[in-house]
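These are the residues of each chain, in order.
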Amino acid sequence: MEAVLGQVEQLPALLAVSRSALVRDWDCLTLDRALEWARYFQHLHHRFRARPQLREALGRRLRRSQPYPVLGFPTLGRCPQLLGLALLENRALPPAACRRLLRSLLQPPGSGSGPEPRGLELLARRKAAARLLGLSRQPRPAGPDARLQAEAELRAELQAEAELRAELRAEAELRAEAELLLRRLREERQEGGEAAGQRRWLGRVLEQLPQPRSLAVVAAALAVLPQGPGTERAGDTERGGSSPDGHRASAAGGGCTAGLLLSWLLDERERFSAFCLCLPASRLAFLAGRYSQLSTSYLDLLSCWGSQLHYDPLQGRWVKSCLDKAGVSWEELKERFSCLCQGSALLKEQTQAALKLLRTRDGDFQVCGLSVWTDLLMEL
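Residues numbered from 1 in each chain as written. Predicted model: local features only at pLDDT ≥ 70, side-chain atom pairs only at ≥ 80, totals over all residues. Heavy atoms only, no water.

## Regarding the overall build of the protein
Per the secondary structure count, the protein includes 18 helices and two strands. Counted over contacts in the protein with a minimum sequence separation of 6, partners at least 24 positions apart contribute 68%. Accessible surface, the protein: about 19900 Å² in total, of which carbon and sulfur atoms supply 54%. (Helix = DSSP H or I, 4+ residues; strand = E, 2+ residues; numbered from the N terminus. Contact = heavy atoms within 4.5 Å. Areas by Shrake-Rupley, 256 points an atom, 1.4 Å probe, with all protein chains shown as cover.)

## Structural notes on the side chain of Thr374
Relative to the helices and strands, Thr374 is located in helix H18 (residues 372-379). According to the relative accessible area criterion, Thr374 is buried, its value standing at 0%. With residues near it in sequence (within four places) discarded, Thr374 still touches Arg359, Phe365, Gln366 and Val367. (Buried < 20%, exposed > 50% of the residue type's maximum accessible area, 1.4 Å probe, protein only.)

## Topic: the packing of helix H15 (residues 292-307) against helix H16 (residues 330-341)
Contact geometry for H15 and H16: axes closest at 11 Å, N-to-C directions at 155°. Classified by the angle between their axes, H15 and H16 sit roughly antiparallel to one another. In this structure, H15 meets H16 at a crossing whose hand is left-handed. On H16, the residues touching Tyr298, Leu299, Leu302, Trp305 and Gly306 of H15 are Leu333, Arg336, Phe337 and Leu340. (Axes fitted to C-alpha atoms, helices over the stretch in contact; angles between N-to-C directions. Parallel < 35°, antiparallel > 145°, perpendicular 65-115°, else oblique. Left-handed = near helix turned anticlockwise from the far one by under 90°.)

## Points about the pattern of salt bridges
Counted according to the given criterion, the structure contains nine salt bridges. Among the ionic pairs, Arg184 bridges to Glu187, the shortest N-O distance being 3.5 Å. Residue Arg184 and its partner Glu187 are located together in helix H9 (residues 144-190), separated by three residues, close to a single helical turn. Between Lys334 and Glu379 there is a salt bridge, with the nearest N and O atoms lying 3.8 Å from each other. Here Glu379 lies in helix H18 and Lys334 lies in helix H16, a separation of 45 residues in the sequence. (Salt bridge = Lys/Arg side-chain N within 4 Å of Asp/Glu carboxyl O.)

Right, here's the structure in full:
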């Protein structure tokens, strides 16, 4: 319990940083870690709200850790909303992290504890208003050139907001399709259908979608499935109730559904390769951290892609040996392994062990340019 109290003491610092200029150095991975901490604090609120002594202990620790004003136990329950609003109103947050933040608020990975859709619309409107008002408040020199510059900047701002709204709308549609798919799979399971029958049904449904869309729907479905008894909410499609038994039932049902989805995904190598190519490296690292079967296949695929690279001494870098084959460049390969190493301790250990094994098989060189795995380990 002392460790939990020590972690809660960090909440004021997290909220203070989210309102400071320090966020200008945040990338998407840093943002994800901050949001994970916010969801963890909210989980503590849900877990201890019915235990008065623990509530009081957490509240005392929060009050003791001020300078941030008026924090108490109820603050833990609102932590994702408070952090999200602070970051949305902070103009120092880089554009890529801002877009990632809005997508995370709309679809929190592995958790449904984010704000309701209505709250998201309010946050998005406030963000857009803050940016436009900030633009109008900036001092401008007089003259036609200044007016043209202001109009151009305003058009750019409006275009960026329109693109952001389109991304949010696409994410919402994708999540809705994934939840519908999970609901139908749950109904099939409750009707007593065999696993083979469920698998055939799943294949028929997904084959009716174009491949990029079907792969994106499977990724979204895997992201919202519950992972265990401690999961507060991972999507209405798989909720088993608020009791411990409900959580266990939800996790068990989620495990069966995840098995079906992973079986369909991993049975065909070309399909899994397309799946990995169409998803961002950070999303794949998140899914690999949740599903060991997927992480093993993903590392195997990365090793295959890495073996297709050869060192070009004239360019001084690793390049693809066969441009017509599916694969990734050196920069993409490095980014994917870097995202895996930024995941959980278990995933990082698994990734580093795989890289060291590949380096050993390749001759265990310690000199750059002789083995792609040596160079990757040195980079990471």
